[in-house]
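Chains, contacts and geometry: an overview
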Amino acid sequence: MYAPEEHYGNKEIYRYVRGLVSIEAAERMEAHMCDCDACLLKTVQVRHEMIQGCGKASRLLEGYLDETLNSTESVFVETHLILCDRCADEYGAIANGRPGHS
Ligand SMILES: [Zn+2]
Ligand SMILES: [Zn+2]
């Protein structure tokens, strides 16, 4: 059975889906996904999540600032903010609008 050296993390897959990785890295990931259903499935989920992701992220932004999210949610927001300028702006606006944060 084919054993990949390492699976790809959500962040790498997000970057791949957004076309932010180098051509060599993308080719490596595609080769990996030919043999790895788990990473392929994750890519499909990430694509799907990106379509709905902004709504979900903006619902979670307040909780993210208050640090009340569970770890899955905060990783989702964290990753989404790195990749989505729109939500990063929204996050910045909310964070700036709050007193007491330096
Ligand atoms: Zn894999
Ligand atoms: Zn977004």
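Residues numbered from 1 in each chain as written. Chains lettered and ligands numbered in written order. Predicted model: local features only at pLDDT ≥ 70, side-chain atom pairs only at ≥ 80, totals over all residues.

With respect to the confidence of the model for the chain
Averaged over every residue, the pLDDT of the chain is 86; the share at 70 or more is 89%. When pLDDT is averaged over each helix and strand of the chain, the minimum, 86, is found for helix α4 (residues 71–83) and the maximum, 94, for helix α2 (residues 23–35). (pLDDT = per-residue confidence, 0-100. Helix = DSSP H or I, 4+ residues; strand = E, 2+ residues; numbered from the N terminus.)

Some points on the environment of methionine 29
Tracing the chain through its elements places methionine 29 in helix α2. On the neighbour-count criterion, methionine 29 (20 C-beta atoms within 10 Å) is buried. A sequence separation of 22 residues divides methionine 29 from histidine 7, and the C-alpha atoms of the two residues are 9.4 Å apart. For methionine 29, the residues in contact, after removing those within four places along its chain, are Tyr8 and Tyr16. (Buried ≥ 20, exposed ≤ 12 C-beta atoms within 10 Å, placed from the backbone. Contact = placed C-beta atoms within 7 Å.)

Focus: the nonpolar core
Formed by Tyr8, Ile13, Tyr14, Tyr16, Met29, Met33, Cys39 and Val46, the largest nonpolar core amounts to eight residues. Contributions of two or more residues to this core are made by α1 (10–17), α2 and α3 (37–66). Among the elements that take part in this core, α1 stands out by supplying three residues, more than any other. Excluding residues within four positions of it along the chain, valine 46 makes contact with Asn10, Ile13, Tyr14 and Val17. (Core = buried A, V, L, I, M, F, W, Y, C linked by C-beta atoms within 7 Å.)

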